[in-house]
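Okay, here's what each chain looks like letter by letter:
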Amino acid sequence: MKRKKHGSADDEATIDMTPMLDIVFIMLIFFIVTTSFVKEKGLEVNRPKDSKTPPPPTNVKSLAIRVNEDGTIIVNGREVDIRRVEANIQSFLAENNQESAAVQAHPKAKHGNVTEVINEVKKAGIKNVSVLVSK
């Protein structure tokens, strides 16, 4: 009869970790290579710093333009069509010496409408256009 040969604890089966590490490193390299590092485009806004001193009081009538959620445009309290914004601003400028205008847009107003209003204001001759935002 043959005797079974019992080996020591060192002869027991072990798991070779080398293939698993190879696969992990290959996957790591694959994900690094396939990941695209894209910088998103956007507008950079230069916001003015808060000043503690109030601005000097002026007796100049201001030009206020509001764009509502439904797209209606209100120039100094009057509802105006987008095609008539430039003409209304020019008539306002004929009566008042104004160099700036403020456009207040509803948070849910379409950005395209706000941009069109700003373009119309600039076409009317006002170079300083402020967009009012709420905190």
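Going by the annotation in an unreviewed UniProt entry, the name recorded for the chain is Biopolymer transporter ExbD, with Paraglaciecola aquimarina given as the source organism. For the record of the chain, the UniProt heading Sequence similarities (unreviewed entry) holds the text "Belongs to the ExbD/TolR family."

Engineer: Before we go on, may I ask you to explain the pairing of strand S5 (residues 128-132) in this structure?
Structural biologist: Across five bridges, strand S4 (residues 100-105) lies against S5 in parallel orientation. Paired with Gln104 across the bridge in S5 is Leu132.

Engineer: Would you mind showing me how to read the packing of aromatic side chains here?
Structural biologist: The description of two aromatic rings rests on the distance between their centres and on the angle between their planes. Considering all chains together, one arrives at one aromatic pair under this definition. Between Phe30 and Phe31 the ring centres are 5.5 Å apart and the planes differ by 65°, which places this aromatic pair in the edge-to-face class. What makes Phe30 partly exposed here is its relative accessible area of 48%. Look at Phe31 and you get partly exposed, because its relative accessible area is 48%.

Engineer: Before we go on, may I ask you to explain the pattern of salt bridges in this structure?
Structural biologist: A pair can form between side chains of opposite charge whenever their charged atoms are brought close. A complete count under the given rule lists two salt bridges for this structure. Its salt-bridge partner being Arg83, residue Asp81 comes within 2.8 Å of it at the nearest N-O pair. Since its relative accessible area comes to 34%, Asp81 is described here as partly exposed. Across the pair Lys123 and Glu120 runs a salt bridge, and its minimum N-O distance is 3.1 Å. Of the two residues, Lys123 and Glu120 are both situated in helix H3 (residues 111-124); the distance of three residues between them amounts to about one turn of the helix. For Lys123, a relative accessible area of 53% translates into the label exposed. Of the residues examined, Glu120 reaches a relative accessible area of 14% and is grouped as buried.

Reading the values: the criteria
- Residues numbered from 1 in each chain as written.
- Predicted model: local features only at pLDDT ≥ 70, side-chain atom pairs only at ≥ 80, totals over all residues.
- Heavy atoms only, no water.
- UniProt positions renumbered as here; feature names shortened; annotations may be inferred.
- Pairing = 2+ DSSP bridges.
- Helix = DSSP H or I, 4+ residues; strand = E, 2+ residues; numbered from the N terminus.
- Phe/Tyr/Trp six-rings, centres within 6.5 Å; stacked < 30°, edge-to-face > 60°.
- Buried < 20%, exposed > 50% of the residue type's maximum accessible area, 1.4 Å probe, protein only.
- Salt bridge = Lys/Arg side-chain N within 4 Å of Asp/Glu carboxyl O.

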